[in-house]
Amino acid sequence: MKASRGYPVYMVNKKAEAALAAGHPWVYENDLLSSPGETPENGSFADVVSPKGAWLGTGFVSLQSKIRVRIFSRNANDTFDAEFWRRRIRYAWDYRKTVLAPDDLTACRVIFGEADQFPGLTVDRFGGILVTETLSVGMERLKPLLFPLLAEVLRADGQTIDGIYERNDEPLRAKEGLAQNKGWFLLPGETPPASTETEICENGIYYHVDFENGQKTGFFLDQKYNRRAVARLAAGHTVLDCFTHTGSFALNAAKGGAARVTAADISESAIEMARRNAARNSLSNMDFVCEDTFELLPRLAREGCPYDFIILDPPAFTKARKTAENAMRGYKEINYRAMQLLPRGGYLATASCSHFASESMFRQMLAAAAHDAHRQLRQIEVRQQSPDHPVLWGVPETAYLKFFLFQVI
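All of the points below concern the structure found in this document. All residue numbers refer to position in the chain's written sequence, counted from 1. Reporting in this predicted model follows two pLDDT cut-offs: at least 70 for local features of residues, and 80 or more for side-chain atom pairs to be given and counted; totals over whole chains, interfaces and linings ignore these cut-offs and use all residues. Side-chain metrics rest on all non-hydrogen atoms present in the structure, leaving aside hydrogens and water.

**Some thoughts on the sheet that holds strand E15 (residues 260–265)**
Working step 1: Spatial strand order, E16-E15-E14-E17-E18-E20-E19: 7 strands in an open sheet with mixed pairing. In this open sheet, the two edge strands, each paired with only one partner strand, are strand E16 (286–290) and strand E19 (377–383). Looking at each pair of strands side by side, their axes are set apart by 15° on average, direction ignored.
Working step 2: Contacts: residue pairs with any heavy atoms within 4.5 Å of one another. Fitted lines through C-alpha atoms serve as axes, helices being fitted only where they are in contact, and the angles separating the N-to-C directions of these axes extend from 0 to 180 degrees. Helix numbers and strand numbers start at the N terminus; a helix is a DSSP run of H or I with at least 4 residues, a strand a run of E with at least 2. The strands touched by helix H4 (residues 224–234) are strand E17 (309–312), strand E18 (346–352), E19 and strand E20 (402–408); relative to E19, the strand with the most contacts, the crossing angle is about 145°.
Working step 3: Here helix H5 (residues 248–255) sits on the sheet and contacts strand E14 (238–242), E15, E16, E17 and E20; the angle it forms with E15, its principal contact strand, is near 175°. Whether two strands pair depends on DSSP finding at least two bridges between them.

**Remarks on empty space enclosed by the protein**
To locate leftover empty space, one rolls a probe as large as a water molecule over the atoms.
Working step 1: The definitions used throughout rest on a 1 Å grid laid over the protein atoms alone, on which a cavity is an enclosed set of points accommodating a 1.4 Å probe that cannot get out and a pocket is an open set flanked by protein within 12 Å on both sides along at least five of seven lines; lining residues are those having an atom within 4 Å of a point. Grid points are joined across faces, edges and corners, and a volume is the space filled by probe spheres set on the points. By the definition in use, this model includes 1 cavity of 30 Å³ or more.
Working step 2: Empty space within the largest cavity amounts to approximately 50 Å³.
Working step 3: As for the largest cavity, its lining consists of Asp162, Gly163, Ile164, Trp184, Phe185, Leu186, Leu187, Glu190, Thr191, Pro192 and Pro193.
Working step 4: For the lining of the largest cavity, the secondary-structure elements that each account for two or more residues are strand E10 (163–168) and strand E11 (181–185).
Working step 5: Taken together, the residues of the lining of the largest cavity break down into 7 nonpolar, 2 polar and 2 charged. Residues are sorted three ways: Asp, Glu, Lys and Arg are charged, Ala, Val, Leu, Ile, Met, Phe, Trp, Tyr, Cys and Pro are nonpolar, and all the rest, Gly among them, are polar.

**Description of the layout of surface pockets**
Working step 1: When its volume is computed, the second largest pocket comes out at roughly 250 Å³.
Working step 2: Contributing to the lining of the second largest pocket are 16 residues, with Gly214, Thr246, Ser269, Ala270 and Met273 lying nearest its centre.
Working step 3: Looking at the lining of the second largest pocket, the elements with two or more residues in it are strand E13 (205–210) and helix H6 (268–280).
Working step 4: Among the residues forming the lining of the second largest pocket, the class breakdown is 4 nonpolar, 9 polar and 3 charged.

**Thoughts on helix H2 (residues 82–99)**
Working step 1: By definition here, a helix of n residues has an expected span of 1.5 Å times n minus one. In this model, H2 (18 residues) spans 26 Å end to end at C-alpha, consistent with the 26 Å of a helix rising 1.5 Å per residue.
Working step 2: Only protein chains enter the accessibility calculation, which uses a 1.4 Å probe; a residue whose area is less than 20% of its type maximum is buried, one above 50% is exposed, and one in between is partly exposed. Restricting attention to buried positions, one finds in H2 the residues Phe84, Trp85, Arg86, Arg88, Ile89, Ala92, Trp93 and Arg96.

**Structural notes on the pattern of salt bridges**
Working step 1: Every case where a carboxyl oxygen of Asp or Glu lies within 4 Å of a side-chain nitrogen of Lys or Arg is listed as a salt bridge. Within this structure, the stated rule accounts for 28 salt bridges.
Working step 2: The salt bridge involving Arg68 is made with Glu29; its shortest N-O contact spans 3.6 Å. Pair noted here: Arg68 is in strand E6 (residues 67–73) and Glu29 is in the loop between strand E2 (26–28) and strand E3 (32–34), with a separation of 39 residues, a long-range link.
Working step 3: Overall, the relative accessible area of 11% leaves Arg68 in the buried class.
Working step 4: Through salt bridges that share partners, Glu140, Lys143, Glu166 and Arg173 make up one connected network.

**Comments concerning the packing of H2 against helix H3 (residues 137–156)**
Working step 1: Interhelical geometry of H2 versus H3 gives an angle of 55° and a closest axis separation of 9 Å. Comparing their axes, H3 and H2 come out oblique. Along this stretch, H2 crosses H3, giving a crossing that reads as right-handed. Here Ala82, Trp85, Arg86, Ile89, Arg90 and Trp93 of H2 come into contact with H3, specifically with Met139, Leu142, Leu145, Leu146, Leu149, Leu150, Glu152, Val153 and Leu154. For this classification, under 35 degrees means roughly parallel, over 145 means roughly antiparallel, 65 to 115 means roughly perpendicular, and everything else is oblique. Handedness of a crossing is defined here by the sense of rotation of the near helix relative to the far one, left-handed for an anticlockwise turn of less than a right angle and right-handed for a clockwise turn.

**Notes on the sheet that holds strand E9 (residues 129–134)**
Working step 1: The mixed open sheet is built from 5 strands, whose spatial order is E7-E8-E9-E10-E11. Across the chains shown, the open sheet's two edge strands, defined by having one partner strand only, are strand E7 (107–112) and E11. Averaged over all adjacent pairs, the angle separating strand axes in this sheet is 20°, with direction ignored.
Working step 2: As judged from the 5 bridges shared by E10 and E11, these two strands associate in the antiparallel manner. Residue Asn168 lies in a different strand from E11, and its bridge partner there is Asn181.
Working step 3: Contacts between H2 and the sheet are confined to E7 and strand E8 (121–126), with E7 contributing the most and set at about 140° to the helix.

**Focus on the environment of Ala278**
Working step 1: For Ala278, the location among the structural elements is in helix H6.
Working step 2: Remark: the alpha-carbon pair of Ala278 and Glu176, spanning 102 residues in sequence, is separated by 40 Å.
Working step 3: Those residues in contact with Ala278, other than ones at most four positions away along the chain, are Leu251, Leu283, Met286 and Phe288.

**Here we look at the packing of aromatic side chains**
Working step 1: Two aromatic rings, drawn from Phe, Tyr or Trp (for Trp, its six-membered ring), form a pair once their centres lie within 6.5 Å of each other, and the interplanar angle then sorts them: stacked below 30 degrees, edge-to-face above 60, tilted otherwise. Under the defined criterion, the tally for this structure stands at 28 aromatic pairs.
Working step 2: With a centroid separation of 6.4 Å and an interplanar angle of 85°, the aromatic rings of Trp26 and Tyr28 are classed as edge-to-face.
Working step 3: Relative to Trp85, the ring of Phe72 lies with its centre 5.3 Å away and its plane at 45°, an arrangement referred to as tilted. Here Phe72, found in strand E6, pairs with Trp85, found in helix H2; they are 13 residues apart in sequence, far enough to count as distant. Neither residue differs from the other here; Phe72 and Trp85 are each classed as buried.
Working step 4: Ring pairing ties together the aromatic residues Tyr7, Phe45, Phe60, Phe72, Phe80, Phe84, Trp85 and Phe118, which thus form one cluster.

The structure is reproduced here in structure tokens:
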């Protein structure tokens, strides 16, 4: 069966029709009622229709993934030429210009996958460098058209773009039949920058960003405003920042006037980068510990805890629904120990960046940890990711970051 525009057609069941109508962009293999007679090319366009043949959208075909089609258009009049994608990029950039302060635009997420109708594509900006992560075969095929348009749109707005670096070293690419790789995407007539490190300024703090070897795209931009919230509370306190990575929460607390800040992480390279960042910002009220948080907190319980403000910002403990319950035990362990360590009236900032650890699960875990620690939580704020990582209603996967600030009493 062919659509009027000549794209292959997939017919879905009522369950998938309802999900698409609610705004979700994914069509799963198990929800297909019929497929094109001739197998489409991997990463090509296809139309999706309801059981009664009503058109529901156009998306990218992925033949090796359980997500068979990723919808990117719900307008039957769309023509998917360069101008279409140029408009999409401009729309995403205009949104960032609206929701972020001008000073925040030099270090922000420019494209957030499905939330910006670019399924499987992430683009982060670190000064003059755009760092991309491509996790869908459709976007992989589109790169030769799309990436030059990215630079064009931002440059037309007066932004300096020196190069595009690809961080495609994510194992999830295998589910799309894609190999892992990383390196410069060279724009026509351009040569790559000499370094794979750069510097950004966020919340008035300077950071070295190693976008070749750092985690994900090199720096976690989604906690930008949550770091400011911590800085507002930090003045005069002794702060322990667990899972500090390159020191972002610790640096904000130190600049916010903390009496002392300890930045702790299991990674020696992360601690070394945190030291560099502290030196770059002339922050002398900091020290650094290379230790596993699951060992550090029990040690402090034995030796005595000199901190009255603890920050827990761990990496995702689960990346699959089936391991979410096990992950919650890990979250409870560190939160329980932090609550026990804090003096009465101390402060706790705690986060989870896993979509599969839902907010309701996270709240239940925190309540259980507080109960077991014989503490009561006085909620200060509940926050989420910064708005350059927009939450798209109907797509729960885009609502992944939970961030709570408490006084422990």
